[in-house]
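Inside the fold
As a plain string of letters, each chain reads:
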Amino acid sequence: MSSKVTNRIALSLIVLCAVIMAGILAALLGYILVNGVTSISWHFLTSESSTFQAGGGIKDQLWNSFYVLIITMILTVPIGTSGGIYLAEYARPGKMTSFIRSCVEVLASLPSIVVGMFGMLVFVDYFQFHFSVLSGALALTVFNLPVIVRVTEDGFRSLSLHQKEGGLALGLTHWHTIKTILLPAAFPSILTGIILSAGRVFGESAALLFTAGMSTPSLDFTNWNPAAPTSPLNLFRSAETLSVHIWAVNTSGIIPDIQTVANGSAAVLVICVLLFNLLARALGKVINQKLSGKS
Amino acid sequence: MKINRAAIAQAPGKSPKPSLLREKGLAKGLIDHYSETRGKIVIYGSALLMIIAVVAITLFLTVQGLRSFVVDHINFWSFITGTTWNPDQSIAGKVSYGAFPFIFGSLAVTLLAAVFATPVAVGCAVFMAELAKKWGQRVLQPVIEILVGIPSVVYGLIGLTVIVPFMRVHFGGSGFNLLAGALVVGVMILPTVASIAADSLRAVPDTLREASYAIGGTKWQTIWRVVIPAAGSSLVTAIILGMSRAFGEALAVQMVIGNTNTMPHSIFDPAATLTTIITLSMGDTTAGSIPNDVLWTLGLILLVISYIFILIIRMLSRRRNA
């Protein structure tokens, strides 16, 4: 076979791979949206889920997903960005730094179910938080921290050295330079990364199974006192999130309309993740334009 | 002098305390000094927290996972190699803890998923990095990012409603089998592998390609003989990262694999993995009992194997840098 023919065949195979990849996305999204959108209705989004009857909604699960996400982000973003700043600005090459780097790497590649088991052992049992929003958010923090650290470090490393040198030349301390010059400059890329990671946290399920629990008390959306057991804001109540709900309905659900609920929930989940993705892109673009003065 | 002092004291709204410090910038220096320390504490604290997290996870899971050997006196060797998992005496009234079917299931799913995902992912990476850089950047990059973002339960749900019925119709049985699990996970890790592989191909210097074209190599010869070998170990890293994700995946696999306690005899038999047995049984056992302890041991095995994956990846990257 001449090399030209081989060339042609091989290149078409490669194009085929790319087409398969794009095709898979189109098929997945198409399938989820076509099947799911029909079962999304105002009623579905705003009514409580039912344990054995048809016609349940996902109001509480949807709220729980967002609530756990917000708590996780409140915990992760400050710690993660400072950790990233440490690695980008303060860490000197040496044993300690490489150890911290390995720790970040290990945290990033641990299976989420292992993180869930750890959360069950430590937050749920040892600290007696029980199956709660807080336990879930802490477990997800372990899981999300390395992502934010990396995003921050990359953001800082992509800045040009002139900015830092300028700050230091004015006689600012290192920390002041970081706070007033470098952090604002790196902010857009960090923000984009945070929003993208939010999508991941939003869809996470295995780590939440053993920490946030698989049930939700019937929430009273008129009671916003965080200490009340049925308050949506209560940190110490169990909280089944949307993705856990999809799993639970499919594996142990006895409601007659499993298909509808599962497809509808999946569609809501995917739409949210897509929105996070679009938001990150749009924000990145807008901020970039503002910074480069082309608005 | 006296008058002067009185005037200052009576001046409304002005602080009587020294403005000298502020004027000379001494106070600012002092405050800045504290803020420097404060900032450092915050930052060093977060780095420390990361170490604490890793050490705590390893320590707690190890201690809890070793209970079944230390407290319950289960033989380590028979635990790892035994093929009968019978924690509630349902078969012949004899309790036995043989975790091999799950270890085997996990490895089989991981390897099969890698076999499915690697060719497509690498092909896609080559397309993005070599053939159509503009198009790859503008179309495939977002595709990959969105695919990475789709939650794993959604992959599981699609597996359950599409792949399982397909298996049932074409290969008989219940449709829940090893192959279905591997397919779902294979599709899941596809985007991860593709994006890392594309990065490693892009890192190959252009001079190598130009040299190959200069001696008359075709595009394919350049890719196959020059670019891929040059990217070699980073490509392997991409595949192993994908495998480590496949290994740790829990719920998506659990929804389609069938979850039996027995060894599968072919890829069309239902099976179970370490993660699926943990997710399924954890809620049914009471803390501190032997059936609960052995689940933690399975978790420990999971942790150990993911550490092995991390070590392999580190070794590959060290060899690359050396």
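For the structure given in this document, a descriptive report is provided here.

**Considering the overall build of chain B**
- Check the secondary structure of chain B and you find 13 helices and two strands.
- Here the contacts in chain B between residues at least 6 apart in sequence split such that 67% fall between residues at least 24 apart.

**Here's the deal with the nonpolar core**
- Membership of the largest hydrophobic core comes to 185 residues, with the highest contact counts inside it found for Ile57(B), Phe79(B), Trp85(B), Leu147(B), Ile278(B) and Leu298(B).
- If one sorts the elements of this core by residue count, helix H5 (residues 100–131) of chain B sits on top with 16 residues.
- Excluding residues that lie within four positions of it along the chain, Leu147(B) makes contacts with Met21(A), Ile24(A), Leu25(A), Leu28(A), Tyr155(B) and Pro191(B).

**What to know about the interface of chain A and chain B**
- Opposite the 71 residues of chain A that make contact, chain B presents 73 residues.
- When chain A packs against chain B, close to 6700 Å² is buried across both sides, 82% of that on carbon and sulfur atoms.
- Looking at the side of chain A facing chain B, the largest losses of area belong to Met21(A), Met117(A) and Trp247(A), adding up to 11% of the total buried there.
- Along the contact surface separating chain A from chain B lie two salt bridges.
- Among the salt bridges present, the one from Glu145(B) reaches Arg281(A), with a minimum N-O distance of 2.5 Å.

**Considering the side chain of Ser109(A)**
- Relative to the helices and strands, Ser109(A) is located in helix H4 (residues 95–109).
- One polar contact links the side chain of Ser109(A) to the main-chain carbonyl oxygen of Glu105(A), over a distance of 2.8 Å.

**Examining the packing of helix H11 (residues 258–291) of chain A against helix H6 (residues 133–149) of chain B**
- Packing of H11(A) against H6(B) leaves a shortest axis separation of 10 Å and a crossing angle of 135 degrees. When the axes of H11(A) and H6(B) are compared, the pair comes out oblique. Classified by chirality, the crossing of H6(B) by H11(A) is right-handed. Between H11(A) and H6(B), the residues in contact are Val273(A), Leu274(A), Asn277(A) and Arg281(A) and Pro142(B), Glu145(B), Ile146(B) and Gly149(B), respectively.
- In terms of residue class, the contact of H11(A) with H6(B) is made up of four nonpolar, two polar and two charged.

**Some thoughts on the packing of aromatic side chains**
- A full pass over the atoms with the stated rule returns 20 aromatic pairs over all chains.
- The interplanar angle of 75 degrees and the centroid separation of 5.0 Å between the aromatic rings of Tyr86(A) and Tyr44(B) together place this pair among those described as edge-to-face. Placement of the pair is Tyr86(A) in helix H3 (residues 59–90) and Tyr44(B) in helix H3 (residues 26–70), with the two residues belonging to separate chains.
- Taking relative accessible area as the criterion, Tyr44(B) reaches 35% and is therefore assigned partly exposed.
- Taking the centre distance of 5.4 Å and the plane angle of 70 degrees together, the rings of Tyr126(A) and Phe127(A) count as edge-to-face.
- On the basis of relative accessibility, which here comes to 58%, the residue Tyr126(A) falls in the exposed class.
- Pairwise contacts between aromatic rings join Phe118(A), Phe123(A), Tyr126(A), Phe127(A), Phe129(A), Phe236(A) and Phe60(B) into one cluster.

**Examining unusual backbone geometry**
Residue and element names in this part refer to chain B.
- For His73, which is not glycine, the phi dihedral falls at a positive 55 degrees.
- Within the secondary structure, His73 is located in the loop between H3 and helix H4 (76–81).
- Even without a glycine there, the phi angle at Asn259 is positive, about 55 degrees.
- Checked against the element boundaries, Asn259 lands in the loop between helix H11 (251–256) and helix H12 (274–281).

**Points about H4(A)**
- Look at H4(A): 21 Å from first C-alpha to last across 15 residues, which is about the 21 Å you get at 1.5 Å a residue.
- Residues of H4(A) that are buried include every one of Thr97(A), Ile100(A), Ser102(A), Cys103(A), Val104(A), Val106(A), Leu107(A) and Ser109(A), and no others.

Scoring rules and cut-offs
- Residues numbered from 1 in each chain as written.
- Chains lettered and ligands numbered in written order.
- Predicted model: local features only at pLDDT ≥ 70, side-chain atom pairs only at ≥ 80, totals over all residues.
- Heavy atoms only, no water.
- Helix = DSSP H or I, 4+ residues; strand = E, 2+ residues; numbered from the N terminus.
- Contact = heavy atoms within 4.5 Å.
- Core = buried A, V, L, I, M, F, W, Y, C linked by side-chain atoms within 4.5 Å.
- Buried < 20%, exposed > 50% of the residue type's maximum accessible area, 1.4 Å probe, protein only.
- Buried area = accessible area lost by both parts, 1.4 Å probe.
- Salt bridge = Lys/Arg side-chain N within 4 Å of Asp/Glu carboxyl O.
- Polar contact = N/O pair within 3.5 Å; in protein donor to acceptor, adjacent residues only side chain to side chain.
- Axes fitted to C-alpha atoms, helices over the stretch in contact; angles between N-to-C directions.
- Parallel < 35°, antiparallel > 145°, perpendicular 65-115°, else oblique.
- Left-handed = near helix turned anticlockwise from the far one by under 90°.
- Nonpolar A, V, L, I, M, F, W, Y, C, P; charged D, E, K, R; others polar.
- Phe/Tyr/Trp six-rings, centres within 6.5 Å; stacked < 30°, edge-to-face > 60°.
- Expected span 1.5 Å × (residues − 1).

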